[in-house]
Amino acid sequence: MKLNSLYPYFLMIVLCCSCKQNRPVRGLITQKAMVVSARLEASQIGSAILEQGGNAFDAMIATQLALAVAYPYAGNIGGGGFMVYREHDGSIGSLDFREKAPSAATKDMYLDSLGSVIPI
C-alpha cells in the first residue's frame, strides 16, 4: 500500500476510545469525507484538513493531536489508536498504532518490596 496513493474522500478515519457523555451525540456531516472521533471539535479539525487538500493520514494526525487537547483522558500524544480505511479502488485495511511499554518495563515496576503499589 502506498500511503500517498490513498484517496481521502472515500476514507473513513476511526479513532476509537471509550467515552461517556451526558449530552446527545451528533456527528459532523461533510460532502465527501468522514472523520469520526470522541469529540466534535477534533473531528472538525480533521475535516478541515481534508477540505484544505490534506489526505486521510494528515487528517488522522490532526484529529489525534486535537484529541490530546480536547479530550486528554482518551489518550495523548504518546498514546495510540486504530484507523480503518478504504482506498479509492475499494480495497480496505486498518492500522493499529497502539502504544507499547518500554523494553525495560516489568510487571512489578510500580510495586515496592512487599508487593504493594508505590503511591504517586
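The structure contained in this document is the topic of the report that follows. Predicted model, so just to flag it, every value in this text is computed and none were measured.

Reading the values: the criteria
Residues numbered from 1 in each chain as written. Predicted model: local features only at pLDDT ≥ 70, side-chain atom pairs only at ≥ 80, totals over all residues. Heavy atoms only, no water. Phe/Tyr/Trp six-rings, centres within 6.5 Å; stacked < 30°, edge-to-face > 60°. Helix = DSSP H or I, 4+ residues; strand = E, 2+ residues; numbered from the N terminus. Buried < 20%, exposed > 50% of the residue type's maximum accessible area, 1.4 Å probe, protein only. Axes fitted to C-alpha atoms, helices over the stretch in contact; angles between N-to-C directions. Parallel < 35°, antiparallel > 145°, perpendicular 65-115°, else oblique. Left-handed = near helix turned anticlockwise from the far one by under 90°. Contact = heavy atoms within 4.5 Å. Pairing = 2+ DSSP bridges.

**Brief notes about the packing of aromatic side chains**
This model, assessed by the stated rule, comprises one aromatic pair. With centroids separated by 6.4 Å and ring planes inclined at 55 degrees, the aromatic side chains of Phe57 and Tyr85 adopt a geometry described as tilted. With Phe57 in helix 2 (residues 56-70) and Tyr85 in strand 3 (residues 82-86), this pair connects stretches of sequence that are 28 residues apart. Owing to a relative accessible area of 10%, Phe57 belongs among the buried residues under this scheme.

**Brief notes about the packing of helix 1 (residues 40-51) against helix 2**
Between helix 1 and helix 2, whose axes approach to 8 Å, the crossing angle comes to 155 degrees. Overall, the two elements helix 1 and helix 2 adopt an arrangement that is roughly antiparallel. The two elements helix 1 and helix 2 cross, and the hand of that crossing is right-handed. Between helix 1 and helix 2, the residues in contact are Ala42, Ser43, Ile45, Gly46, Ile49 and Leu50 and Ala56, Asp58, Ala59, Ala62, Thr63, Ala66 and Leu67, respectively.

**Structural notes on the pairing of strand 3**
The alternating pattern of strand 3 places Met83 and Tyr85 on a buried face and Phe82, Val84 and Arg86 on a face that is not buried. Both strand 3 and strand 4 (residues 92-96) contribute to a ladder of five bridges, which runs antiparallel. Pairing of Tyr85 across the sheet is with Gly93, part of strand 4. What sits between strand 3 and strand 4 in their antiparallel hairpin is a turn of five residues, with Gly90 showing a positive phi close to 95 degrees.

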